[in-house]
Amino acid sequence: MRAHTLLFGALLGLAIAGPPFIVRVSAQPQAAAHPGEYAPADIAYGARLYDAQCTTCHGANGDGVGGVDLRSGRFRNAVTDQDLTRVVTAGIQGTGMQAFKLDQSELAGIVAYLRNMNSFDRGSVKPGDADRGRAVFDGKGTCARCHRVGDQGSRAAPDLSDVGATRSAGSLLRSLTEPTSQMFPINRPVRVVTRDGKVINGRRLNEDTYTVQLIDDQERLVSFVKSDLREYTILTVSPMPSYKSTLTDAELADVVAYLLSLKGR
Amino acid sequence: MTRRVSGMSGVRLALLTMLLTVTVAGVQAQVGSDRLANAAREARNWLIYSGGYFSNRYSGLTQITPANAKNLELKWMYQAAVAGAWQTSPLVVDGVMYLTQRPNDVVALDAKTGRVFWIYRHQLDPTLIVCCGANNRGLAILGDTLFMGTLDAHLVAIDAKTGRLLWKTTVADSKGGYSVTHAPLVVKDKVIVGVGGGEYGIRGFVAAYDVRTGREAWRFYTIPAPNEPGGDSWKPCPPASSTFCDPEAWKHGGGSVWVTGSYDPALNLTYWGVGNAGPDWNNEQRPGDNLYTDSVVALDADAGRLRWHYQFTPHDRYDYDSVQVPVLADITFHGQPLKAMVWANRNGNFYVLDRETGKFLVGKPFVKVNWMDTFDERGRPNQTPQPPGMPTWPGNQGGTNWYSPSYSPHTGMFYVSAWEGYATIFGGTPVEYQEGRNFGGGVNRPFVPVPGAPAVPGIRRGPINNWTEAASTGAVLALDAATGEQKWKFPMTDVTDSGILTTASDVLFTGGREGYFQALDARSGTLLWKASLGAQIVSGPITYEVDGKQYVTAISGLSLCVFGLRE
C-alpha cells in the first residue's frame, strides 16, 4: 500500500550501528525556543480567540478594563508565560476576570497573542479556513492514507482526532513543512527483525527495558521481548513527507485551521 | 501444673525462670545499642533503615547467589490500602518485620508469612501542609520501642510488642510546612530526626530526643542565624539591587532533611545530608553560599555540635538537594586506608570525602553535568550557569535523588540509580515568603527535543512511557568507590527511583518505575533474574533470614512482595 510506503519508506535507506538487537537512540540536544519567540501561527490563532472571548471586557485594543492595558506587555498578576496561563485558566478572585476553560493549543495562542498585541499586524496573516483545510487533508494532501481522524483513515501514523487540543498552531504548521522537527519521540518509527527473519515495521506505543509494544503497519497490536529479537531499531527521521513545496501557503493555513478544529470528543 | 511448680525448690524455680528467659531472649532479644552498633554484622536481621550505621544497604547473607538467583520465587505478599508512592524500607528483628505504610501507620507482621500482629495508626493533623507527596520512609528501633516521624512533624514512640503509643513529641509546627518523612536514627540514648519542608520556606534542623521521654536533647539548625558560624554565608542584599532581594532570607532558607543520616561510632559523628535552599530556584533573592544547604554536616552525636561540613552546590539555583544517605566506607585510597564518605549527589557528581575531617578528595561526574566544570583544591565547584532558555544537566530531579545507593565492601563498588540524558531549562522568579505557601520561585521547563512532547515526569504518571529515551533513561551505575570510575552500567528504558541492595554473595537487587524487580551480578551488572510486579518500585530492598532461609523484599505499588529461593 502506498500509505505504508509513505510511512515506512524512509526506514530502508538508513544504516544503523549498535548492538545486535537493540539500537539506543540518544536524546538530540537542541536549543530551546527563546522565551520571547512566538510562532506567527500561534499569534494569529490567539488573535482570533481573543476576538471571540476577551474583547467583551478587555476591548479590541486591550484597554477596556480600567487600569489594565494588555498591549503594554506588563501584567499586574503575571510575569512569566506560566503566570499568564494561570491567570487565564484560574481567573483572579475578587475581580471580573473569570476562569476560562481552554485547551493547550488555545492557551499557547492566547499567550502568544498577549505577548505580541502591540506589534501584531492582523493584515500580515491570512487566517485559514477549516472546511477548505479538510478538503486538502482528504484530497491533495492524502493525509488520511496514514493518519486517522474519528473513524476515518489509517491507524499507521498518529491519530489526529484531538490534535487541535494538544498541539499549538505553530507546531502544526511546522509539522507540515518540517515533519521530523515536530515528531514526538514516542512516534519514532521502529523496525523489528525476529529471530526467524520476519520484519515488522511499526509505531511505538510503549517500551520498557525488556519489552516493546507496537502497532504495526497492518494495524495489529504486537508486543516483543527484546531479547527474542535479532534486531530492534528506533529511527529518528519522520517518514512523513514535507508539504512545503506541494501545498501553497494558503493551503497550509487551511490545513492548520482544520487540524486546530479537531478537539476530540 | 500448679502443684508441680509449687513443689519445686526455690533454687530450681529460679533456674527454670532463667532458662526460660534465656531461651526467649535467644529468639526475641531486645535491640540494645550494642546490637545497633553491630547491625551490619547481624546479617539475619535488618535493624537500621540502611542496614547499619554506615548506611551501605549491604547484607552479609549469602544463601542467594548469582548461580541460584534464577530460582527466586514469591513467598508472600502484603497489601497496603492507601494509594501513592510507598517509599518505606522495613526493619526485621528476630522474625518480626516492622514497616510503615501510608500515611503514617506502623505495621508489625511475621517476616516468614506476612501475617499481621498489629497496626498502629497515627492520627494526622488535618490542617497539615506537606510537600512533594505524603511519604514516610521507615522506622528506628531501640529496645522494645519503635520510633516514627510523622507528616504533621511529630515524633512518636511505639511499643514494638503491642503497637501502643508510648509518647509523642512535637518536632515542629506543621502549619509552616514542616514534616518528618524519613526513618529516625537511634544513637545511644537519643533518637535523631530532621525536618522536611524546604519548598515551604522552613528553617531546617536536625534534632535529637531522649529515647525514654521524647524530650529534646539538642538541635542543630541547618540554616545558621547571622551571629552563628556560617551565618555570613547569607549575605546582605546589595544596596541598589535591581532585582528582588530578601534581607532576611535565612529565616526561611530551607535546608530540609529528607533521608536518614549515618553514624560512625568510633568518631562519634553523625552525618546528615541537607536539602536545597529556599526558594528553590530564585537564587538571586538570597545572596551568598547559603550554608548549610546542599551540604553534608558532621555533628557530634552527643551534643549536636557541628564538627565539619562540605557544601556540594553553593548558592544553588537547581534544587540540587543533598537528599542522599551518607554512605560511610573504609576504603583504600592511593594505597592508604581511609575512613571515607562516598556520595553520588543529585547535582550529578560523585564525591569521596574524608569523614574524619570533611576534606574533599574526589569529585567526578557520574552523569552529564554542565552547571559546573571544575573543582578547586578544596572542592568548590566552578559554576557555569547556562544562558536563559538553555538546558542544564542534570535536570531538576537530579542525576540521582533520595533513593538509597549501596556500597559493597566485598566488591569495593558503589552502586547508584541514575537518570541519564535528563535536563531542565531553569528560570527563577521572585517570591515572597508566606507561611504555609509554596516557596519555589521557579519557572522551570523540562527539556524535550520537540516542543510539547511528553517529558519525563517528576513522579510516575502511569505504565506508559511516552517520553522515551529522548527525555531520559535510567541506569544502575557501578562506580569504583575510591575514584568514581564507572565499572559497569545496567541500562533501563525508563528512569528509576528505586533503592539498591547488595549482598556478600555479590547479588544486587533493585527495582524501577517499570515495575521490574531485578537481581544483577554485582561484579559485572549481568541480569540474573527478574520479576514483573506491575507497579513502580520506589523504595530500597532489604534482605533477612528466618529459620535458615534468606528472603528479599520489594515494594511495588501497594504490594510488599517477599521473595526466597524455590525449595
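Residues numbered from 1 in each chain as written. Chains lettered and ligands numbered in written order. Predicted model: local features only at pLDDT ≥ 70, side-chain atom pairs only at ≥ 80, totals over all residues.

**What to know about the sheet that holds strand β16 (residues 269–273) of chain B**
To summarise the sheet geometry, strands pair through backbone hydrogen bonds and adopt either a parallel or an antiparallel arrangement. All names here are of chain B. An order of β15-β16-β17-β18 is seen for the 4 strands of this open sheet, with the pairing classed as antiparallel. The open sheet terminates on both sides in strands that have one partner only, identified here as β15 (262–264) and β18 (306–311). Taken over all neighbouring pairs, the strand axes of this sheet differ in orientation by 20° on average, direction set aside. By the bridge criterion, 5 bridges tie β16 to strand β17 (residues 295–300) in an arrangement that is antiparallel. Bridging across to β17, Y271 finds its partner in A298. (Pairing = 2+ DSSP bridges. Helix = DSSP H or I, 4+ residues; strand = E, 2+ residues; numbered from the N terminus. Axes fitted to C-alpha atoms, helices over the stretch in contact; angles between N-to-C directions.)

**Notes on the nonpolar core**
Residues and elements named next belong to chain B. Of all hydrophobic cores here, the largest spans 168 residues; its most connected members are Y98, L139, I141, V191, V342 and F414. Counting residues per element, this core draws most heavily on strand β26 (residues 413–420), which supplies 6 residues. Among all residues touching I141, those that are not within four sequence positions of it are V31, L47, L91, V93, Y98, L146 and A160. (Core = buried A, V, L, I, M, F, W, Y, C linked by C-beta atoms within 7 Å. Buried ≥ 20, exposed ≤ 12 C-beta atoms within 10 Å, placed from the backbone. Contact = placed C-beta atoms within 7 Å.)

**Thoughts on the confidence of the model for chain B**
Residues and elements named next belong to chain B. Mean pLDDT over chain B stands at 93; residues scoring 70 or higher make up 95%. For residues 1–11, every residue scores under 50 in pLDDT, and the model assigns this stretch 1 contact once sequence neighbours within four places are set aside. Here residues 13–27 is a poorly scored stretch, pLDDT under 50, and it has 2 contacts once near neighbours within four places are set aside; other chains count. With pTM at 0.88, the complex prediction returns an ipTM value of 0.89. (pLDDT = per-residue confidence, 0-100.)

**Remarks on the packing of helix α2 (residues 40–53) of chain A against helix α8 (residues 169–177) of chain A**
Residues and elements named next belong to chain A. Where α2 contacts α8, the two axes come as close as 6 Å, and the packing angle between them is 135°. Regarding the angle of α2 to α8, the classification is oblique. Where α2 crosses over α8, the two elements pack in a sense that is right-handed. In contact with A41, D42 and Y45 of α2, α8 contributes A169, G170 and L173. When its residues are assigned to classes, the contact of α2 with α8 shows 4 nonpolar, 1 polar and 1 charged. (Parallel < 35°, antiparallel > 145°, perpendicular 65-115°, else oblique. Left-handed = near helix turned anticlockwise from the far one by under 90°. Nonpolar A, V, L, I, M, F, W, Y, C, P; charged D, E, K, R; others polar.)

**Here we look at the pairing of β16(B)**
All names here are of chain B. Among the 5 residues in β16, 5 count as buried, and that is most of the element. Side chains L269, Y271 and G273 project from β16 onto one buried face, and the interleaved T270 and W272 project onto a second face that is buried too. Sheet analysis places β15 next to β16, joined by 3 bridges and oriented antiparallel. Looking at the pairing, Y263 lines up with T270 of β16. Between β15 and β16, which pair antiparallel one after the other, the connecting turn spans 4 residues, and N268 there sits at a positive phi close to 55°.

**Concerning the environment of L146(B)**
Residues and elements named next belong to chain B. Considering the arrangement of structural elements, one finds L146 in strand β8 (residues 145–149). Accessibility expressed as a C-beta count within 10 Å gives 26 for L146, which makes it buried. For the pair L146 and V156, spaced 10 residues apart in the sequence, the C-alpha separation amounts to 8.1 Å. Once you skip the residues sitting within four places of it in the chain, L146 turns out to touch Y98, V106, L139, I141, I158 and A160.

**Quick look at the environment of L72(B)**
All names here are of chain B. If you trace the backbone, L72 turns up in strand β2 (residues 72–79). Residues L72 and R566 lie 494 residues apart in sequence; the distance between their C-alpha atoms is 5.9 Å. Residues contacting L72, with those up to four places away along its chain left out, are I64, A519, W529, F563 and L565.

**Digging into the sheet that holds β26(B)**
Residue and element names in this part refer to chain B. With respect to topology, 4 strands assemble into an open sheet ordered β25-β26-β29-β30, the strand pairing being antiparallel. Bordering the open sheet on either side are β25 (406–408) and β30 (486–492), each of which pairs with just one other strand. Neighbour to neighbour, the strand axes of the sheet diverge by 25° on average, direction disregarded. Sheet topology note: the β26/strand β29 (residues 473–480) ladder contains 8 bridges and is antiparallel. Note on β29: the bridge partner recorded for A418 is A475.

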